[in-house]
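Chain residues, written in single-letter form:
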Amino acid sequence: MSSPALSPAAWLRGSRRPSWLSDPKVLRTEVLAGLVVALALIPEAISFSIIAGVEPAIGLIASFTMAVTIAIVGGRPAMISAATGAVALVIAPLNREHGFGYLVAAVVLAGVFQIVLGALGVARLMRFVPRSVMVGFVNSLAILIFLAQVPEMTNVPWPVYPLLAAGLALMVFFPKVTAVIPAPLVSIVILTVITLAAGIAVPTVGDKGDLPSALPMPGLPDVPFTLDTLTTIAPYALAMALVGLMESLMTAKLVDDITDTHSSKTRESIGQGIANIVTGFFGGMGGCAMIGQTMINVRVSGARTRLSTFLAGAFLMVLCIVFGPVVSDIPMAALVAVMVMVSFATFDWHSIAPKTLKRMPAGEITVMVVTVACVVATHNLAIGVVAGSITAMVIFAKRVAHVAEVTAATDPDHATVVYRVTGELFFASSNDLVGRFDYAGDPDKVVIDLSAAHIWDASSVAALDAIETKYTQRGKTVEIIGLNGPSAHIHKTLSGELTAGT
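Since we're looking at a predicted model, the values are computed, not measured.

Engineer: Explanation requested: the environment of valine 37 in the structure shown.
Structural biologist: Mapped onto the secondary structure, valine 37 falls in helix 2 (residues 24-52). Judged by its relative accessible area of 0%, valine 37 falls in the buried class. Considering only alpha carbons, one finds valine 37 and methionine 295, 258 residues apart in sequence, at a separation of 9.5 Å. With residues up to four places along the chain from it excluded, the contact list for valine 37 reads Ile80, Gln293, Ile296, Asn297 and Ala312.

This is the structure we're talking about:
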């Protein structure tokens, strides 16, 4: 008997009572994690606003609406979604050439595309991402997080360096004292107090740009609702939808592995779309999952529920609107120290250990290196994942191209020869199959035994047809035996239909 369908309300609530309602320790962890993430979001969101060519408040508003919305409708608890650099890079040309109204309209349309793609099952494509690509994704992400901090560590006043070292030391040693309060929060508070009390002049959050002074209000994009507008924004919206989904689904898979829990990738895809639509109507620049802030939330702060994600967005607005002057005084060195620690914790050091590299197949190492190189070169995680996956497919195809084996056995009276084919027959392995037979020297009857093989595509059927043709031209008969059900079906359907004139 099938289970009853969930109502929309039940779908949003989930089937279990949140753990933070009954466990004060979980509640404390989630609240403090949300606060730490909110603090880390501010300079990031401002930086991504600059990349997109919009005011800093636009990125902060997007981070607020994305985090709050995805906390409710997303599929991966504790994952942080906000304004991101990848999305900013995609939509920056649209804002530059057509204006902010078109950017907002593209964000809304991208959300629609993500909902459609999610409903069509695009999340299932994640099963085709190899582990070596995933490792490359994680490592390149750690490298990008670190490289993003380099500008904050160069050409700065000398007090930045001891502050940075102090922040790192606090995050390494404070957890040995107590894990009740997240070490990143302690580091940020202590370094801020030190710089204010001592009057140390170093770059601060306020130097990045003005913070929002009021809650955003919803509204329609300021664009003409015409076909010309649609054709203008559609390419950017589709690119944003694809990049956002890829980063979000990869991040969700990473968090699944870290927490040993499963999440609905389809719900996450649809949730990302809903969050971008909401963000667009509130005048934000859109976004997707943020790996750096997610790692702060999940790995550094220990958060596991939707509450931390919701509070990250809520605290972000409270910090900007209510405590704006205080937040503006936070030294960038404190936040840079947090991100450097996140970068170190995110990198899979085991993957580059000499012992691991000696045992790992060369193809796996190549895929990992290609993924990392493409991401670091383009600063686009989506490009790296696609390049790594394609490289993995090419290596796999080359590897299995020679898997199909052919052995021949002639009966004692030399009247019949039996060729036994073993392995998977598809476009790569079937290409050299035709050359494995002795057309001139074989007896008049040839039997091809495929009981240990499987036909996957038209290329294999065409190869078998070519073999039969070559024997027929020499007056010899060919009998194919041992086909399993699916192989027999594809052979019967396509045999004789793949050559012109038949």
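We are not done yet, so read on.
Engineer: It is not clear to me how the sheet that holds strand 5 (residues 445-455) should be interpreted in this structure. Could you clarify?
Structural biologist: The sheet built from four strands is open, its strands ordered 3-4-5-6 with mixed pairing. For this open sheet the edge positions go to strand 3 (405-410) and strand 6 (477-481), each flanked by a neighbour on one side alone. Strand after strand, the sheet turns through a mean of 20 degrees between neighbouring axes, direction not considered. Here strand 5 runs beside strand 6; their pairing, made up of five bridges, is parallel.

Engineer: Quick question: what am I supposed to make of the packing of helix 3 (residues 56-73) against helix 12 (residues 306-321) here?
Structural biologist: A packed helix pair is summarised by two numbers, namely the angle formed by the two axes and the spacing between the axes. As a packed pair, helix 3 and helix 12 sit with axes 8 Å apart at the nearest point and diverge in direction by 155 degrees. Relative to helix 12, the element helix 3 is oriented roughly antiparallel. Judged by the sense of rotation from one axis to the other, the crossing of helix 3 with helix 12 is left-handed. Counting all contacts with helix 3, which are made through Leu60, Ile61, Ser63, Phe64, Ala67, Val68, Ile70, Ala71 and Ile72, the residues of helix 12 involved are Arg306, Thr309, Phe310, Gly313, Ala314, Leu316, Met317 and Cys320. Of the residues in the contact of helix 3 with helix 12, the class split is 13 nonpolar, three polar and one charged.

Engineer: Would you take a moment to explain the packing of helix 2 against helix 8 (residues 183-198) for this structure?
Structural biologist: Across the interface, helix 2 lies against helix 8 with an axial gap of 9 Å and an inter-helix angle of 50 degrees. Relative to helix 8, the element helix 2 is oriented oblique. Read as a crossing pair, helix 2 and helix 8 show a hand that is left-handed. Note on element contacts: helix 8 touches helix 2 through Pro184, Leu185 and Ile188, opposite Leu32, Leu35, Val36 and Leu39. Residues belonging to the contact of helix 2 with helix 8 are distributed by class as follows: seven nonpolar, no polar and no charged.

Engineer: When you look at the side chain of threonine 204 in this model, what are you seeing that I'm missing?
Structural biologist: Assignment of secondary structure puts threonine 204 in the loop between helix 8 and helix 9 (227-259). A relative accessible area of 15% places threonine 204 in the buried class. Ignoring sequence-local partners within four residues, the contact set of threonine 204 consists of Ser328, Asp329, Ile330, Pro331 and Met332.

Engineer: What exactly am I supposed to notice about the packing of aromatic side chains here?
Structural biologist: How two aromatic rings sit relative to each other is given by the distance of their centres and the angle of their planes. One pass over the structure, following the stated rule, counts seven aromatic pairs. Geometrically, the ring pair formed by phenylalanine 347 and tryptophan 349 is tilted, given 4.6 Å between the ring centres and 45 degrees between the ring planes. Classification of phenylalanine 347 by relative accessible area gives buried; the value is 15%. Taken together, a centroid distance of 4.4 Å and an interplanar angle of 55 degrees make the contact between tyrosine 419 and phenylalanine 437 tilted. Highlighted residues: tyrosine 419 in strand 4 (residues 416-425) and phenylalanine 437 in the loop between strand 4 and strand 5, separated in sequence by 18 residues. When its relative accessible area of 4% is taken as the criterion, tyrosine 419 is described as buried. Relative accessible area serves as the criterion here: at 7%, phenylalanine 437 is assigned to the buried category. Clustering of aromatic rings is evident, with ring pairs tying together Tyr419, Phe437, Tyr439 and Tyr471. If you follow lysine 470 out to its NZ or CZ, it ends over the ring of tyrosine 439, 5.8 Å from the centre.

Engineer: Help me out: how do you make sense of helix 7 (residues 160-177) in this one?
Structural biologist: Here helix 7 is 18 residues long and its end C-alpha atoms lie 26 Å apart, about the 26 Å a rise of 1.5 Å per residue gives. Most pronounced at methionine 171, the bend in helix 7 amounts to some 30 degrees, and the proline proline 175 follows within four residues. Among the residues making up helix 7, those that are buried are Val160, Leu163, Leu164, Gly167, Met171 and Phe174. Those residues of helix 7 that are buried are in contact with helix 8 and helix 14 (332-346).

Engineer: Can you help me understand the nonpolar core in this one?
Structural biologist: Here is a general trend for soluble globular proteins: nonpolar side chains tend to be buried in one another's company. Core analysis: the largest hydrophobic core is formed by 102 residues, its most contacted members being Ile42, Leu60, Phe137, Met285, Ile296 and Leu316. If you tally residues by element for this core, the top one is helix 2, at twelve residues.

Engineer: Would you mind going over the pairing of strand 4 with me for this structure?
Structural biologist: The side chains of a regular strand alternate, residue by residue, between the two faces of the sheet. Where strand 3 and strand 4 come together, six bridges link them in antiparallel fashion. Residue pairing across strands places alanine 408 opposite tyrosine 419, the latter belonging to strand 4. Where strand 3 folds back on strand 4, the antiparallel hairpin that results is connected by five residues, among which histidine 414 adopts a positive phi of roughly 60 degrees. Of the strand pairs in this sheet, strand 4 and strand 5 are connected by nine bridges, and their pairing is parallel. Bridging from a neighbouring strand, arginine 420 pairs with aspartate 449 of strand 5.

Engineer: Would you explain the side chain of histidine 491 in this entry?
Structural biologist: Within the secondary structure, histidine 491 is located in helix 19 (residues 485-494). With residues near it in sequence (within four places) discarded, histidine 491 still touches Ile455, Val461, Leu464, Glu468, Ile480 and Leu483.

Engineer: For this particular structure, what's the right way to read unusual backbone geometry?
Structural biologist: A positive phi angle is found at asparagine 155, which is not glycine, with a value near 55 degrees. Within the secondary structure, asparagine 155 sits in the loop between helix 6 (131-149) and helix 7. For asparagine 155, a relative accessible area of 83% gives the class exposed. For aspartate 260, which is not a glycine, the phi torsion comes out positive at approximately 55 degrees.

Calculation criteria
Residues numbered from 1 in each chain as written. Predicted model: local features only at pLDDT ≥ 70, side-chain atom pairs only at ≥ 80, totals over all residues. Heavy atoms only, no water. Helix = DSSP H or I, 4+ residues; strand = E, 2+ residues; numbered from the N terminus. Buried < 20%, exposed > 50% of the residue type's maximum accessible area, 1.4 Å probe, protein only. Contact = heavy atoms within 4.5 Å. Pairing = 2+ DSSP bridges. Axes fitted to C-alpha atoms, helices over the stretch in contact; angles between N-to-C directions. Parallel < 35°, antiparallel > 145°, perpendicular 65-115°, else oblique. Left-handed = near helix turned anticlockwise from the far one by under 90°. Nonpolar A, V, L, I, M, F, W, Y, C, P; charged D, E, K, R; others polar. Phe/Tyr/Trp six-rings, centres within 6.5 Å; stacked < 30°, edge-to-face > 60°. Lys NZ or Arg CZ within 6 Å of the ring centre and 35° of its normal. Expected span 1.5 Å × (residues − 1). Bend = angle between axes of the 7 residues up to and from the residue. Core = buried A, V, L, I, M, F, W, Y, C linked by side-chain atoms within 4.5 Å.

Honestly, that's just the spatial picture; any functional story needs more than this.
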